[in-house]
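Spelled out, the chains give:
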Amino acid sequence: MGTNGFVIAGLLPQIASTLGVTASAVSYSITVYAIIVAVAAPAVAILLPRLSRTTLMALGLVLVSIGTVIAAASSSLEIFTLGRVVAALGGAALVPPATATAASLATPEKRGRAIAFVAVGFTAAIAFGAPLGTAIAASGGWRIPLFGLAALAALTAGAVALFVRRIPIGAPVSARARFAILKDRRVLLALVTTLLVVTSFNVVYIFSSAVTAQATGGSASLLALLLLVFGVSGIGGNTAAGPLTDRFGNRPVAVVTLVLLFASLLAIPFVAHSLVGTAIVFVVWGVSSNAITLPIQHRLVQVNPATAVVALSWFSTALYAGIALAPPLGAVALGLGSPDLIPVAGSAVVVLSLVAFLLGYATRRSGARRSAPELAGADS
């Protein structure tokens, strides 16, 4: 699921050339994909609270497979986008129950690690899946990695149906309870921070082929190498963020990380002519953009531990909303005449995210007292 979402960034030029459209036009399929996941994931949780998680996950994987086959076989942008829509519906059915299943299968003292293990899938998608897909496309065309992902999704669907059984289902949380938590401005501002941070990262990642064109000379293999550097660095950022947040708190870690993210994005145009220079900046960018999500999640839990489960479900929605905003922003920056404007736009969004995060600490508690009892009861 993660690789299916991120690999499109490295394939944009090839897909656009095959379908006879611009890379910006193809990038809007990412917006459609992300919006559907952001909207459908909570809808599935509200409308199908009693459906077996095994069924949901297997069905989600089947839809991912079918949608990816449609996209890989497409001859027009409209059919390609349709395939992405079907795959997005699969993702919406798959990811939330996968996270919940990991938590329910683990003992209470190991639930955090179980949830983190599921999240490793997305980190690995950025670190290895997307670069590998880009490298395969460089030699065999963009359809091959997509067909490969479709086959893997189908195989995994069978494995889930056979081996993931008797998963406990918790008490459903009402739609009213899910929205009540947003009355607390501290939670809302943390979610706004998430949306802006994810937008700033993805606006560069999605248009990485254009941003790095000078350094790579248009080589898909060199782009894959840079994406690998970014992804592996991201694993380091993810790994370090937890202990640092535990030791220093989420506010200083978030502030320092956002400053590093701002500096790395702003530096990209200045090293655009150099492959080595771009790789070095990508290391800092990878560390900071992957490390920042943990202190934000920590903040959401810190605001009110009793409502943490629902707050983190909104975190997922904010994350996909940020992905959805990135292609239009990148297309506008690219349309103004220079790929260098893309990371500059990203750095400006980082500044807004820092302001939103700090405003969350300057905002008094609002609405939490009214919503907490209902949510706490729902969580229990």
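Figured I'd write up the structure that's included with this text. In this numbering scheme, every chain counts its residues from 1 along its sequence in written order. Given that the model is predicted, a residue must reach a pLDDT of at least 70 before its local features are reported, and side-chain atom pairs must reach 80 or more before they are shown or counted; all residues, however, enter totals for whole chains, interfaces and linings. As a rule here, side-chain values come from all non-hydrogen atoms in the structure, and water together with hydrogens is ignored.

On to the overall build of the protein chain, then. Across its full length, the protein chain carries 18 helices and zero strands. Its C-alpha atoms put the protein chain at 55 × 45 × 30 Å along the principal axes. Split into buried and exposed, the 380 residues of the protein chain put 50% on the buried side. Considering only residue pairs separated by 6 or more positions, the protein chain has 84% of its internal contacts joining residues 24 or more positions apart. We treat Lys and Arg as the positive residues and Asp and Glu as the negative residues; His and chain ends play no part in the count. Just so you know, the charge point we use is NZ for Lys, CZ for Arg, CG for Asp and CD for Glu. The averaged location of the 7 negative side-chain charges in the protein chain is 7 Å from the averaged location of its 21 positive side-chain charges. Secondary structure elements follow DSSP: runs of H or I no shorter than four residues count as helices, runs of E no shorter than two count as strands, and numbering proceeds from the N terminus. Burial classification: accessible surface area is computed with a 1.4 Å probe over protein chains only, and a residue below 20% of its type maximum counts as buried, one above 50% as exposed, and the rest as partly exposed. The contact rule is simple, with two residues in contact once any of their heavy atoms fall within 4.5 Å.

This brings us to the nonpolar core. Definition of nonpolar core: a set of buried residues of the types Ala, Val, Leu, Ile, Met, Phe, Trp, Tyr and Cys, connected through side-chain atoms within 4.5 Å. Ranked by internal contacts, the top residues of the largest apolar core, which has 76 residues, are Ile8, Ile15, Phe80, Leu146, Val204, Tyr205 and Trp285. The residues contacting tryptophan 285, other than those within four sequence positions of it, are Phe201, Val204, Tyr205, Phe230, Leu261, Ser264 and Leu265.

Let us now look at a nonpolar patch on the surface. Among the surface-exposed residues, Phe262, Leu266, Phe270, Val332, Leu336, Leu341, Val344, Val351, Val355 and Leu359 lie close enough to one another that they form a single nonpolar patch of about 880 Å² accessible area. The residue phenylalanine 262 is located in helix 13 (residues 250-267) in this model. By definition, no residue in a patch forms a salt bridge, and every one has over 30% relative accessible area; like charges are joined within 9 Å, nonpolar side chains (Val, Leu, Ile, Met, Phe, Trp, Tyr) within 5 Å. Residue-level accessible areas treat just the shown protein chains as cover; the underlying method is Shrake-Rupley with a 1.4 Å probe. For this document, the term salt bridge refers to a Lys or Arg side-chain nitrogen within 4 Å of an Asp or Glu carboxyl oxygen.

So, about the packing of aromatic side chains. For this analysis, a ring pair means two rings from Phe, Tyr or Trp (six-membered ring only for Trp) whose centres lie within 6.5 Å, classed as stacked if their planes differ by under 30 degrees, edge-to-face if by over 60, and tilted for the remaining angles. A complete count under the given rule lists 11 aromatic pairs for this structure. Both rings, one in phenylalanine 6 and one in phenylalanine 201, keep their centres 6.5 Å apart while their planes meet at 45°; by these two values the pair is tilted. Taken together, the positions of phenylalanine 6 in helix 1 (residues 2-6) and phenylalanine 201 in helix 9 (residues 185-206) put the pair 195 residues apart, joining distant regions of the chain. Here phenylalanine 6 and phenylalanine 201 have matching classes, each one buried. An aromatic cluster is present here, built from Phe6, Phe201, Tyr205, Phe230, Phe282 and Trp285 joined pairwise through their rings. Our definition puts a charge over a ring when NZ of Lys or CZ of Arg is within 6 Å of the ring centre and also within 35 degrees of the ring normal. Over the ring of tyrosine 361 we find arginine 251; its NZ or CZ atom is 4.1 Å from the centre of that ring. The ring centre of tyrosine 361 lies 3.9 Å from the NZ or CZ of arginine 299, which sits over that ring.

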